[in-house]
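As a plain string of letters, each chain reads:
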Amino acid sequence: MERKLLEFDVGESVELFLLIKSSVKGTASNGKPFLSLVLQDKSGELEAKLWDVSESDEASYAAEHIVHIAGDIQNYRGRKQLKIRQIRKATAADNVSAGEFMETAPVNKDEMAEEITQYIFEMKNANLQRITRSLLKKYQDKFYDYPAAVRHHHEFVSGLSYHVVSMLRLAKSISDLYPSVNRDLLYAGVILHDLGKVIELSGPVSTTYTLEGNLIGHISIVVEEVSKMAEELNIEGEEVVILKHILLAHHGKGEWGSPKPPLVREAEILHQIDLMDASMNMMEKALRHTKPGEFSERIFGLDNRSFYRPSFDV
């Protein structure tokens, strides 16, 4: 079986077809243009630089294009990077498609939809249940296809819904441990907290931020969506206000993007399990490609730390 991009170690040479996830033009210190590429296959992604590029190179090596690359894996500031020796754009004769290079959630979309539907069914507050069900139905196609982020965590096809399923399982365990927690508020907050990303992000392939994503952001987007849906369903009351607060506060701090800090119990729990699931996803991704007895590459989203994989972790 052919090895995937992240299965190669530093110092090894690679020769692979890869999908360009992003391509950004820059200018080197000598004044010559270059491209910063993020290349991916099903195992994940690596950064690479393409030097001394022309205008035709910019067009050939733009995002969403498939390329054949020969190069070497090297270590750059604690992270793997691909040094390109040869590159060419894939042709029809190569018989490759973008779907072959995209990482996907480890759980089937239908299974995730069934599980999330069950959590909504268990909600006893009719107003919260109706708002949650209606918004999920409105955006369900994108919800089950989109990633949860451009980079760092759950940045793969169906990553958004997989992130939600994982958080719902955490929410259920916490609610079992602390019976005073309002499950309806917590479940609604978990399901809806990142729903704005179906508007904030461009889609599952070569994901970028949309105009709304850059100017408004997913937190404000989803709060507006909740307000509109509550009005459409003729729902008003304290639970709508608290649900919107939970969504506004789920990043925890102003410097992390939340307009309000968590001021109700369920808002604090949502923030903590969101942070936990995102952190675990980043660690799992890095440690999956780390040998026992070694440190992982640096993880930018976790304070640029490297994590040790114990030698008995086999």
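Residues numbered from 1 in each chain as written. Predicted model: local features only at pLDDT ≥ 70, side-chain atom pairs only at ≥ 80, totals over all residues. Heavy atoms only, no water.

### Overview of the side chain of Thr290
What counts is decided by this rule: Secondary structure elements are taken from DSSP: a helix is a run of H or I of four residues or more, a strand is a run of E of two residues or more, and numbering for both begins at the N terminus. Three exposure classes are used, based on accessible area relative to the maximum for each residue type with a 1.4 Å probe and protein chains only: buried under 20%, partly exposed in between, and exposed over 50%. In protein, a polar contact requires one atom able to donate a hydrogen and another able to accept it; more generally it is a pair of N or O atoms within 3.5 Å, and residues adjacent in sequence count only if both atoms are side-chain atoms. We call two residues in contact when some of their heavy atoms are within 4.5 Å.
Note on placement: Thr290 falls in the segment after α11 (265-288). A residue is classified by how much of its surface remains accessible, and Thr290, at 6% relative accessible area, is buried. A polar atom in the side chain of Thr290 sits 2.7 Å from the backbone oxygen of Ala286. When neighbours within four sequence positions are excluded, Thr290 is seen to be in contact with Phe295, Ser296 and Arg309.

### As for the UniProt feature "domain: HD" (unreviewed entry) in the protein chain
Our working rule: UniProt positions are given in the numbering used here, feature names are shortened, and annotations may be inferred rather than shown by experiment.
When the UniProt feature table is mapped onto this chain numbering, "domain: HD" (unreviewed entry) sits at residues 163-279. Measuring from the first to the last C-alpha atom of residues 163-279 gives 11 Å, for a span that is 64% helix and 0% strand.

### A few points about the pattern of salt bridges
A side chain with one charge may pair with a side chain of the opposite charge, provided their charged atoms come close. The following threshold applies: By definition here, a salt bridge exists when the distance from a side-chain nitrogen of Lys or Arg to a carboxyl oxygen of Asp or Glu is within 4 Å.
One pass over the structure, following the stated rule, counts 18 salt bridges. A salt bridge links Lys25 to Glu58; the nearest nitrogen and oxygen atoms lie 3.1 Å apart. Of this pair, Lys25 sits in strand β1 (residues 13-27) while Glu58 sits in helix α1 (residues 55-60), and the two are 33 residues apart along the sequence. A residue is classified by how much of its surface remains accessible, and Lys25, at 49% relative accessible area, is partly exposed. One salt bridge in this structure joins Glu225 and Lys138, with 3.1 Å as the shortest N-O distance. Of this pair, Glu225 sits in helix α9 (residues 218-232) while Lys138 sits in helix α3 (residues 126-138), and the two are 87 residues apart along the sequence. Here the residues in one salt-bridge network are Lys138, Glu225 and Lys228, joined through shared partners.

### A few points about the domain arrangement of the protein chain
Just so we agree on the cut-off: These domain boundaries are the output of an automatic or database domain assignment. Buried area is a sum: the accessible area each of two parts loses on coming together, probed at 1.4 Å, counted once for each and added. The classification used treats Ala, Val, Leu, Ile, Met, Phe, Trp, Tyr, Cys and Pro as nonpolar, Asp, Glu, Lys and Arg as charged, and all other residues, Gly among them, as polar.
Taken domain by domain, the protein chain consists of domain 1 (12-100) and domain 2 (109-282). Centre-to-centre separation of domain 1 and domain 2, based on C-alpha positions: 34 Å. Listed per partner, the contact involves 7 residues of domain 1 and 5 residues of domain 2. Interface area for domain 1 against domain 2, summed over the two sides, is near 570 Å², with a carbon-plus-sulfur share of 41%. When the buried area of domain 1 at its contact with domain 2 is split by residue, Lys21, Glu45 and Glu64 rank highest and sum to 68% of it. Between the two partners, domain 1 and domain 2, sit 0 salt bridges. If you look at where domain 1 meets domain 2, you find 0 residue pairs in polar contact (both at pLDDT 80 or more). If you list the elements that add at least two residues to the side of domain 1 that touches domain 2, you get β1 and β3 (44-51). Class assignment for the residues of the side of domain 1 that touches domain 2 results in 3 nonpolar, no polar and 4 charged.

### Structural notes on the pairing of β3
Using the following cut-off: The criterion for strand pairing is that DSSP finds at least two bridges linking the strands in question.
Direction of pairing for strand β2 (residues 33-41) relative to β3: antiparallel, over a ladder of 8 bridges. In the sheet register, Val38 faces β3, and the bridge partner there is Glu47. Bridge analysis of β3 against strand β5 (residues 79-89) gives 3 bridges, and the strand direction is parallel. Across the sheet, residue Glu47 finds its bridge partner in β5, namely Gln81.

### A look at unusual backbone geometry
The phi angle at Asn95 is positive, at roughly 55°, despite the residue not being glycine. Topologically, Asn95 is positioned in the loop between β5 and α2 (109-122). Its identity as a non-glycine residue notwithstanding, Asn304 has a phi of 60°, on the positive side. Note on placement: Asn304 falls in the segment after α11.

### Focus: the nonpolar core
Note the cut-off: Note on terminology: a nonpolar core comprises buried Ala, Val, Leu, Ile, Met, Phe, Trp, Tyr and Cys residues joined through side-chain atoms within 4.5 Å.
Formed by 50 residues in total, the largest nonpolar core has its most connected members in Ile116, Ile131, Val190 and Leu192. Those elements that provide at least two residues to this core are α2, α3, α5 (159-177), α6 (183-192), α9, α10 (238-248) and α11. In this structure, Leu35, Leu50, Val53 and Ile84 belong to the second largest nonpolar core, which totals 21 residues.

### Overview of the environment of His250
Relative to the assigned elements, His250 resides in the loop between α10 and α11. The class for His250 is buried, based on a relative accessible area of 1%. For the pair His250 and His271, spaced 21 residues apart in the sequence, the C-alpha separation amounts to 4.5 Å. With residues near it in sequence (within four places) discarded, His250 still touches His193, Asp194, His218, Ile219, Ser258, Leu270, His271 and Asp274. In terms of polar contacts, His250 uses its side chain to reach the backbone carbonyl oxygen of Leu247, at 2.8 Å.

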